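Coordinate analysis (summary)
Each chain, written out:
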Amino acid sequence: AQSVTQPDIHITVSEGASLELRCNYSYGATPYLFWYVQSPGQGLQLLLKYFSGDTLVQGIKGFEAEFKRSQSSFNLRKPSVHWSDAAEYFCAVGRLNQGGKLIFGQGTELSVKP
Amino acid sequence: GAGVSQSPRYKVAKRGQDVALRCDPISGHVSLFWYQQALGQGPEFLTYFQNEAQLDKSGLPSDRFFAERPEGSVSTLKIQRTQQEDSAVYLCASSTGVSGGSTDTQYFGPGTRLTVL
């Protein structure tokens, strides 16, 4: 069965520092991978997605993620964090012919200190 | 343009009551999804519609949960005889469905927070 693991429940980084949020998935074939962000009281917003091709994917708000098949990982990165990036981040996996059904990880809460 | 809207935003129910949660997807979106998000957890898939057809309801936790989308637009998630474990945020998402859904971006509503006392 598909599963998504986000090992870090909560991360705190200083404003201006770099960020990496980890995501590992379990799926036999090439998965469709997504990162979403959820701010308090807001719906989830898509940051980026990967289906095929270049394994380094650029997203909105300066985020990027790299698909590493050998490690079953899809880590999210940002070179310089802003205070407004504080939110909950979710990694999700989908697959072909499931109509878009997504399996989400537990989420990583990001705090940004001044 | 308008995004996905959900109503009510907050719902408090006494155990045993029935509730109905509404989702208005983005106009023209073929696919519609319901997810349940418990406190401190990621969203969990409940069910999926393509137009008015419910193609996947594998995530509905019990027969107390029922979803419909009779005209292929607005959808309602109904929970009968609510239990405390039903307390969660219920998220609705829609997508264009042009690629069969698998790679489409899902646009999420703000959710309905259900509290069962």
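The sections below set out a description of the structure shown in this document. None of the values given here were measured: they were computed from a predicted structure.

Criteria and cut-off values
Residues numbered from 1 in each chain as written. Chains lettered and ligands numbered in written order. Predicted model: local features only at pLDDT ≥ 70, side-chain atom pairs only at ≥ 80, totals over all residues. Heavy atoms only, no water. Helix = DSSP H or I, 4+ residues; strand = E, 2+ residues; numbered from the N terminus. Rg over C-alpha atoms; globule rule 2.2 N^0.38 Å. Areas by Shrake-Rupley, 256 points an atom, 1.4 Å probe, with all protein chains shown as cover. Lys, Arg positive; Asp, Glu negative; His and termini not counted. Charge placed at Lys NZ, Arg CZ, Asp CG, Glu CD. Buried < 20%, exposed > 50% of the residue type's maximum accessible area, 1.4 Å probe, protein only. Polar contact = N/O pair within 3.5 Å; in protein donor to acceptor, adjacent residues only side chain to side chain. Contact = heavy atoms within 4.5 Å. Disulfide = S-S within 2.5 Å. Core = buried A, V, L, I, M, F, W, Y, C linked by side-chain atoms within 4.5 Å. Buried area = accessible area lost by both parts, 1.4 Å probe. Salt bridge = Lys/Arg side-chain N within 4 Å of Asp/Glu carboxyl O.

**Section: the overall build of chain B**
Looking only at helices and strands, chain B has zero helices and eleven strands in total. The N-to-C order of helical and strand elements in chain B reads β-β-β-β-β-β-β-β-β-β-β. Relative to the 2.2 N^0.38 estimate, which gives 13 Å for 117 residues, the radius of gyration of chain B is 13 Å and therefore close to what a compact globule would have. Reported as C-alpha extents along the three principal axes, the dimensions of chain B are approximately 40 × 25 × 25 Å. Just so you have it, chain B exposes about 5,600 Å², and 47% of that area is on carbon and sulfur atoms. Side chains of chain B give 11 positive and 11 negative charges; the mean places of these two sets differ by 9 Å.

**Some words on the side chain of B:Thr82**
Residues and elements named next belong to chain B. Relative to the helices and strands, Thr82 is located in the loop between β8 (75-79) and β9 (88-95). You can call Thr82 buried: its relative accessible area is 0%. Within the structure, the side chain of Thr82 is placed 3.2 Å from the backbone oxygen of Lys14, a separation counted as a polar contact. Those residues within four positions of Thr82 in sequence are excluded, and the remaining contacts are Ala13, Lys14, Arg15, Gly16, Gln17, Val19, Arg64 and Val116.

**So, the state of the cysteines**
All names here are of chain A. Under the counting rule described, the total for this entry stands at two disulfides over all chains. One disulfide in the model links Cys23 with Cys91; its S-S distance is 2.0 Å. Because the torsion about its S-S bond is -65 degrees, the bridge between Cys23 and Cys91 counts as left-handed. With Cys23 in the loop between β3 (19-21) and β4 (24-26) and Cys91 in strand β10 (residues 87-94), this residue pair connects regions lying 68 residues apart in the sequence. Comparing Cys23 with Cys91 shows no difference in burial state: the two are buried.

**Description of the nonpolar core**
Within the largest apolar cluster, 26 residues are counted, with the highest numbers of intra-cluster contacts made by A:Leu19, A:Trp35, A:Leu47, A:Leu48, A:Phe74, A:Leu76 and A:Tyr89. At four residues, the largest contribution of residues to this core is made by β10(A). Each residue touching A:Tyr89, except ones within four places of it in the same chain, is listed here: A:Gln6, A:Leu21, A:Trp35, A:Tyr36, A:Val37, A:Leu47, A:Phe63, A:Leu76, A:Gly107, A:Thr108 and A:Leu110. Ranked by size, the runner-up nonpolar core spans 20 residues in total, among them B:Leu21, B:Cys23, B:Cys92 and B:Leu114.

**What about the side chain of B:Gln36?**
Residue and element names in this part refer to chain B. Tracing the chain through its elements places Gln36 in strand β4 (residues 31-37). A polar contact is formed between the side chain of Gln36 and the side chain of Tyr90, at a distance of 2.9 Å. Setting aside residues no more than four positions away along its own chain, Gln36 makes contact with Gly42, Pro43, Glu44, Leu46, Phe65, Asp86, Ala88, Val89 and Tyr90.

**Concerning the interface of chain A and chain B**
Tallying the contact residues gives 23 residues for chain A and 23 residues for chain B. Summed over both partners, the interface of chain A with chain B comes to about 1,700 Å²; 53% of that surface belongs to carbon and sulfur atoms. Of all residues in chain A, A:Leu44, A:Gly99 and A:Lys101 bury the most surface against chain B, accounting for 28% of the area lost on that side. At the boundary of chain A with chain B, the tally comes to zero salt bridges. At the junction of chain A and chain B, the tally comes to five residue pairs in polar contact (both at pLDDT 80 or more). Mapped by element, the contributors of at least two residues to the side of chain A that touches chain B are β5 (32-38) and β6 (44-50) of chain A. With four residues, β5(A) is the single largest residue contributor to the side of chain A that touches chain B.

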